[in-house]
Amino acid sequence: MAEKSRYYVTTPIYYVNDRPHIGHAYTTLACDALARFLRLDGRDVWFLTGTDEHGQKVEKAAAAAGEDPHAFVERNSQNFRILAAELNFSNDDFIRTTEVRHVRSVQALWRELKARGEIYLGTYSGWYSVRDEAFFAESELVNGLAPTGAPVEWVEEPSYFFRLSAWQERLLAYYDADPDRIAPPSRRNEVISFVRSGLTDLSVSRTSFRWGIPVPDDPAHVMYVWLDALTNYITAVGYPDVESESFRKFWPVDLHMVGKDILRFHAVYWPAFLMAAGVAPPKRIFAHGWWTNEGQKISKSLGNVIDPRDLVARYGLDPVRYFLLREVPFGNDGDYSHRAMVNRMNSELANDLGNLVQRTLSLVQRHSGAAVQAPGGFTESDQALLQAAHGLLPRLREHFMEQAFHRALGALFDVAGAANRYIDAEAPWALRKTDPARMRTVLYALLEVIRHLGILAQPIMPASAAKILDQLAVPAGQRDFRALGAGGALPAGQALPTPTPVFPRFDPGEAPR
Ligand code: MSP
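Residues numbered from 1 in each chain as written. Predicted model: local features only at pLDDT ≥ 70, side-chain atom pairs only at ≥ 80, totals over all residues. Heavy atoms only, no water.

Peer 1: Explain the site of the ligand to me, please; I cannot follow it from the model alone.
Peer 2: Around the ligand, a shell composed of 23 residues is seen, among which Ile 13, Asp 52, Gly 259, Asp 261 and Trp 291 lie nearest. A distance of 2.9 Å separates an oxygen atom of the ligand from a polar backbone atom of Gly 259. The separation between a nitrogen atom of the ligand and a polar main-chain atom of Trp 291 is 2.9 Å. Here the ligand has 680 Å² of accessible area as a free molecule, and 94% of this is covered by the chains. Mapped by element, the contributors of at least two residues to the shell around the ligand are β1 (6–15), α2 (22–40), α8 (225–230), α9 (232–235) and β11 (255–259). (Near = heavy atom within 4 Å. Polar contact = N/O pair within 3.5 Å; in protein donor to acceptor, adjacent residues only side chain to side chain. Areas by Shrake-Rupley, 256 points an atom, 1.4 Å probe, with all protein chains shown as cover. Helix = DSSP H or I, 4+ residues; strand = E, 2+ residues; numbered from the N terminus.)

Peer 1: What should I look at first to understand the pattern of salt bridges in this one?
Peer 2: Opposite charge on two side chains makes pairing possible when the charged atoms of those side chains draw close. Here the structure, examined in full by the defined rule, presents 30 salt bridges. Between Arg 96 and Glu 53 there is a salt bridge, with the nearest N and O atoms lying 2.7 Å from each other. Placement of the pair is Arg 96 in strand β3 (residues 93–96) and Glu 53 in the loop between β2 (44–52) and α3 (56–64), with a sequence separation of 43 residues. Classification of Glu 53 by relative accessible area gives buried; the value is 0%. Lys 260 is the salt-bridge partner of Asp 333, the closest N and O atoms lying 2.9 Å from each other. Of this pair, Asp 333 sits in the loop between α13 (317–326) and β15 (334–336) while Lys 260 sits in the loop between β11 and α11 (263–276), placing them 73 residues apart in sequence. We classify Asp 333 as partly exposed; its relative accessible area is 43%. Look at Lys 260 and you get partly exposed, because its relative accessible area is 28%. Several salt bridges share partner residues, and in doing so they unite Arg 326, Glu 327, Arg 344 and Glu 348 into one network. (Salt bridge = Lys/Arg side-chain N within 4 Å of Asp/Glu carboxyl O. Buried < 20%, exposed > 50% of the residue type's maximum accessible area, 1.4 Å probe, protein only.)

Peer 1: Explain the pairing of β2 here, please?
Peer 2: A regular strand places its side chains on the two faces of the sheet in alternate fashion. Most of β2 sits out of view: 7 of its 9 residues are buried. Sheet analysis places β1 next to β2, joined by 8 bridges and oriented parallel. Its bridge partner lying in β2, Val 9 is registered against Phe 47. Handedness of the β-α-β unit built from β1, α2 and β2 comes out right-handed. (Pairing = 2+ DSSP bridges. Right-handed = clockwise from strand over helix to strand, strands pointing away.)

Peer 1: I'm lost on the side chain of Lys 57 in this one. Help?
Peer 2: Relative to the elements of secondary structure, Lys 57 occurs in helix α3. Within the buried set, Lys 57 has no salt-bridge partner at all; the shortest N-O distance to an opposite charge, 6.3 Å, is to Glu 133. With sequence-adjacent residues up to four places away left out, Lys 57 is seen in contact with Tyr 15, Asn 17, Val 130, Arg 131 and Glu 133. (Lys, Arg positive; Asp, Glu negative; His and termini not counted. Contact = heavy atoms within 4.5 Å.)

Peer 1: Quick question: what am I supposed to make of the sheet that holds strand β12 (residues 285–288) here?
Peer 2: Strand order in the open sheet formed by 6 strands is β3-β2-β1-β11-β12-β7, with parallel pairing between adjacent strands. Each of the sheet's edge strands pairs with one partner strand only, and the pair in question is β3 and β7 (182–183). Two elements, β7 and β12, share 2 bridges in a ladder whose sense is parallel. Across the sheet, Ile 182 pairs through a bridge with Ile 285, a residue of β12. Strands in contact with helix α4 (residues 69–86) are β1, β2 and β3; relative to β3, the strand with the most contacts, it is inclined by about 155 degrees. (Axes fitted to C-alpha atoms, helices over the stretch in contact; angles between N-to-C directions.)

Structure below.
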């Protein structure tokens, strides 16, 4: 049971050469929503994020800032911690690759690979892109640049290699063993065809710079930053102490969430490193898409990088969290625009959900003694609505387990829509005079539906959902998923506070900045 209920989810660890932007916020947000959902569903969750602090890219950024790399990474890593707090991320740990626990773990992994004959000394000659922190063969270059458009430099130096070429068949068997291993399916196909096309050994150490973890017994080499970085996922649960409670409990990881640009590192190199060291590979890797800004690729040179803190200052945190997970089918690329944001805020949050809550609570306040009133017998339409609310959890569970956050929100808003149609059809404001007992039943059904929406919206919009539940006077101990269904229903007689709007409209008159 304990084994079944645990869930380990990770974000990539972010390079500290840069300030946090929307891409970082997006990856972590998706993990946060999932972690919160699973905790409310009674699972024992470990949610990890952190910063990637070694390598040439960071070293160069520190030099450009005229700073010692230690001070530079210290300061910049802090920005990611601040972002996590400001976006209400519920990570259980924050790992930094400059920490002692991590250096120990990476060196232990190296020794294991070395002892098993998976690493050998040779000479690397080829192209390297510092921006991608990746090696490229001549044949992979496009007009003299990396396939990502990043500049490359020629590298020729002694290097240790990992015998990646020997892992092709075992990697293919690993993908084959579980069709859900890599998602979405289009990305899975890309990975499989890349591996089928043949693998070459991978350079895993460098001698031309110093900002990295020294190779054990050969300190002229520092480790390739991706070998160093990927290992964070096992460091955080206790590697090399594979018998430790946390390692036994949480490894293998349930989900590595990554952007599509870094899937190959996670779905090819990382499982190969792990299997080669005798450690179980990840259960699942999901690659999400990229955001553009008002139709344009986001880049520093275009000056259109989106700072998530600006979005939050302008629209509020929960609307931003909602927008990012609702606007695009998770896995696809998406476009941020002021118009799309305002549209989601006004037509869905304010109109569909906010209005439902506000209308119902004001009726209860004005005409139903500002308290939950016991319902009479339920009609077919009451029952249909209540059943739709009661049926949400299994549907959402399925969507969350597939990381289809947009579908989960779609399902929630379908029920909000049904409740809005119900309130219009039942017209409780008219029943007040003709049939007050019936009005009380209608309001009761609506309050119950809102309670379900409030509980189930918590993973995506924690603060707004809490406000909804506060207005229903739902006690703290009644907010997890065990309280869903008729068993946790609102008690008759419960007094309700004066309602205040949860999702204010955004004034579309305000010009985009
Ligand atoms: N340090 C590596 C990861 C090592 S994990 C062992 C790294 N860091 S990063 O800071 O460059 O980026 C991390 C994440 O941000 C990636 O998942 C990437 O896909 C995401 N994004 C960067 N720009 C993005 C958008 N414009 N849109 C969505 N996500 C994007 O890679």
